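Geometric and topological summary
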Amino acid sequence: MYIYKAGVVGAGSMGGGIAQVISYSGLPVVIKDIDEERAKTGVEAARKIYQSRIDKGKMTSDEMVKKMALISIAIDYKDFSDVDIVIEAVPENIEMKKKVFKELGESCPETTILASNTSALSISELGSVTNKPDKVVGMHFFNPAHVMKLIEVIPGLQTSDETVDDVVSFSESLRKIPVRVNECAGFLVNRILMSYINEAFYAMQESAASAKEIDEAMVSFGMPMGPFTLVDMLGLDVADSVADILYKSYGERMKPAALIKKITASGRLGTKSGKGIYDYSNEGKDDCFLENIIKETQKETGISNTEFSVHRLLLPMINEAAISFQEEVSSLSDIDIAMLAGTGFPQDKGGPLHYADAQGLDNILKEMEKFSSIFGQRFWPAPILKRYVTAGWLGAKTKKGFFDYFESA
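Residues numbered from 1 in each chain as written. Predicted model: local features only at pLDDT ≥ 70, side-chain atom pairs only at ≥ 80, totals over all residues. Heavy atoms only, no water.

Notes on the overall build of the protein chain
Definition in use: A run of H or I in DSSP counts as a helix once it spans at least four residues, and a run of E counts as a strand once it spans at least two, with each numbered from the N terminus. Atoms considered for the radius of gyration are the C-alpha atoms alone. The globule rule reads 2.2 Å times the number of residues to the power 0.38. The classification of residues rests on relative accessible area computed with a 1.4 Å probe and restricted to protein chains. Under 20% of the type maximum is buried, over 50% is exposed, and intermediate values are partly exposed. In what follows, a contact means two residues having at least one pair of non-hydrogen atoms within 4.5 Å. Every accessible area reported is derived by Shrake-Rupley at a probe size of 1.4 Å, with residue values counting cover from the shown protein chains alone.
When helices and strands are counted, the protein chain shows 17 helices and eight strands. Taken over the C-alpha trace, the protein chain has a radius of gyration of 22 Å; the compact-globule value for 409 residues is 22 Å, and the two agree within 12%. Along the three orthogonal principal directions, the C-alpha set of the protein chain runs to about 60 × 60 × 45 Å. Counting only residues that meet the buried cut, the protein chain has 54% of its 409 residues in that class. Intrachain contacts of the protein chain at a sequence separation of at least 6 include 70% that bridge at least 24 residues. As displayed, the protein chain has an accessible area near 17900 Å², and 52% of this comes from carbon and sulfur atoms.

A short note on the environment of Thr 398
Using the following cut-off: Here a polar contact means two N or O atoms within 3.5 Å. Within protein one must be a hydrogen donor candidate and the other an acceptor candidate, and residues neighboring in sequence count only if both atoms are side-chain atoms.
Here Thr 398 shows up in the segment after α17 (383-390). With 41 residues separating them along the chain, Thr 398 and Asp 357 place their C-alpha atoms 9.5 Å apart. Contacts of Thr 398, omitting those with residues within four sequence positions, involve Gly 392 and Trp 393. A polar contact is formed between the side chain of Thr 398 and the backbone nitrogen of Leu 394, at a distance of 3.0 Å.

Concerning the packing of aromatic side chains
For the record, the criterion: Here a pair means two rings of Phe, Tyr or Trp (six-membered ring of Trp) with centres within 6.5 Å. Their orientation is stacked below 30 degrees between planes, edge-to-face above 60, and tilted elsewhere.
Under the defined criterion, the tally for this structure stands at eleven aromatic pairs. Measuring from ring centre to ring centre gives 4.8 Å for Tyr 2 and Tyr 4, while their planes differ by 65 degrees; the resulting arrangement is edge-to-face. Take Tyr 2 and Tyr 4: they sit in the same class, and that class is exposed. With a centroid separation of 5.4 Å and an interplanar angle of 55 degrees, the aromatic rings of Tyr 388 and Phe 402 are classed as tilted. Placement of Tyr 388 in helix α17 and of Phe 402 in the segment after α17 is noted, with a sequence separation of 14 residues between them.

A closer look at the pairing of strand β1 (residues 6-9)
The following threshold applies: Any two strands with at least two DSSP bridges between them are considered paired. When the strands point away from the viewer and the path from the first strand over the helix to the second turns clockwise, the crossover is right-handed.
Alternating positions in β1 separate into two faces, Ala 6 and Val 8 on one and Gly 7 and Val 9 on the other, with burial throughout. Pairing geometry for β1 and strand β2 (residues 29-32), over four bridges, is parallel. Bridge assignment links Ala 6 to a residue of β2, and that residue is Val 29. The parallel pair β1 and β2, bridged by helix α1 (residues 13-24), forms a crossover whose chirality is right-handed. Alignment of β1 against strand β4 (residues 85-88), held across four bridges, turns out to be parallel. Residue pairing in the sheet places Gly 7 in a bridge with Val 86 of β4.

A few points about the environment of Gly 42
Residue position: Gly 42 is located in helix α2 (residues 36-55). A sequence separation of 14 residues divides Gly 42 from Lys 56, and the C-alpha atoms of the two residues are 22 Å apart. Those residues in contact with Gly 42 that lie beyond four places of it in its chain are Ala 11, Gly 16 and Ile 31.

Section: the sheet that holds strand β3 (residues 71-74)
Quick reminder of the rule: A fitted line through C-alpha atoms serves as each axis, taken over the contacting stretch for helices, and the angle formed by two N-to-C directions is quoted from 0 to 180°.
Strands sit in the order β3-β2-β1-β4-β5-β6-β7-β8 across an open sheet of eight strands; the sheet is mixed. Of all strands in the sheet, those with a lone pairing partner are β3 and β8 (177-180), marking the two edges. For this sheet the average axis-to-axis angle between neighbouring strands, irrespective of direction, equals 25 degrees. Relative to β8, strand β7 (residues 150-155) runs parallel, the two being bridged by four bridges.

Observations concerning helix α10 (residues 236-250)
In plain terms, the rule: Given a helix with a known number of residues, its expected span is that number minus one, times 1.5 Å.
For α10, built from 15 residues, the straight-helix expectation of 21 Å at 1.5 Å per residue is met to within 8% by its first-to-last C-alpha distance of 21 Å. Close packing links the buried residues of α10 with α7 (189-205), α9 (227-234) and α11 (258-265). Two residues or fewer past α10, Gly 251 is found with a positive phi of approximately 80 degrees.

Details of the pairing of strand β6 (residues 136-141)
Of all the six residues making up β6, six are buried; the element is thus mostly covered by neighbouring parts of the structure. Where burial is concerned, the two faces of β6 agree: the one with Val 136, Gly 138 and His 140 and the one with Val 137, Met 139 and Phe 141 are both buried. Pairing between strand β5 (residues 113-116) and β6: three bridges, direction parallel. The residue of β6 that forms the bridge with Ser 116 is Gly 138. On the question of chirality, the crossover connecting β5 to the parallel β6 by way of helix α5 (residues 123-128) is right-handed. In this sheet, β7 lies alongside β6 in antiparallel orientation, the contact comprising five bridges. Looking at the pairing, Phe 141 lines up with Ile 151 of β7.

Things to note about the pattern of salt bridges
The criterion, for reference: Any carboxyl oxygen of Asp or Glu within 4 Å of a side-chain nitrogen of Lys or Arg constitutes a salt bridge here.
Counted under the stated rule, the structure contains 26 salt bridges. With a shortest N-O distance of 3.5 Å, Glu 36 and Lys 40 are connected by a salt bridge. Here Glu 36 and its partner Lys 40 are both found in helix α2, four residues apart, which amounts to about one turn of the helix. Under the relative-accessibility criterion, Lys 40 is labelled partly exposed at 35%. The closest approach of N and O atoms between Arg 191 and Glu 320, which form a salt bridge, is 2.9 Å. Of this pair, Arg 191 sits in helix α7 while Glu 320 sits in helix α13 (residues 310-326), placing them 129 residues apart in sequence. Of the two residues examined, Arg 191 and Glu 320, each falls in the buried class. Among the charged side chains, a salt-bridge network with shared partners connects Arg 191, Arg 253, Glu 320 and Glu 327.

Listed below in structure tokens is the structure:
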């Protein structure tokens, strides 16, 4: 099915960004929110993105006028009577999203695809409240939508292959990189990325290194920003919510560091609140908050002064990527592509699984077992990793690991 017109429900920065991406591709898009003023904020978010392109000399004012003319607003669903796809981008609350999907199922044409931009919630559950679960699918953009190339396409239990194929094609028409991900908690990128972020919090919580030292180490490795700069940008409350979802689904290997919830509970949510791991408020005061809360947590856990290394943060990421492949969440190549496009994992290292192959899977396993003896279940090696090593599939040095390697002619 060719998509001629789209709708977006939720006019926050994400909804506005998605609308801009759609209009930039040349398609008309309707943004809906609970009232006209809120809907207009989505339009203004799109306008701001276009203005930044003008300021950088990437488009003209006339071009912006034509693109902005493709964006309209709505406060009820009658304006969705001719849309081919609706992308829901309301806050990450399952009951709120289910209400939206029930209304969409009742209001939109039978052929309309209903997509959710959720980062972790069940697509099957959202589909269950509609009269057409075969048309419900996850279409997870990454923030900011106009910059990040990746889209995770997630079918629910009853999503049809036709719906998946249509959303993959639509994503490509938006100049994005779609990766099919089988439904699971956190989908693909967030479950892998959160294992890395969570270990960064444990390292800081245990005074293995400071937030600044950890961020600098990961930037030196090649990440576009450190884990704490990233989580401040995403929001501590978002990280806390995703961490809870993953812990409930995967158990002890995803047990969140206590600091995540403690910092979130304090109201320090990152850049959006002026303070998070770092202080963005320009108050010029000595901020001892982190130092005090770390000491408090160490008294509770009895754990301090553990060791830090770049691999301490990378190994959980590699392990979760291996488990995701083992569980058939996605293919080997798509897992690495998703981490490159969705998180900025260094291009020259090829993604976490290519990086593991380059390091030697036997060496990765030895490190995992060492850290597992120190830190427990968070580093328990994926069964497939042990299986490959015992088979002699050690990565690039044996020409076979997660990937096959061939001699150049």
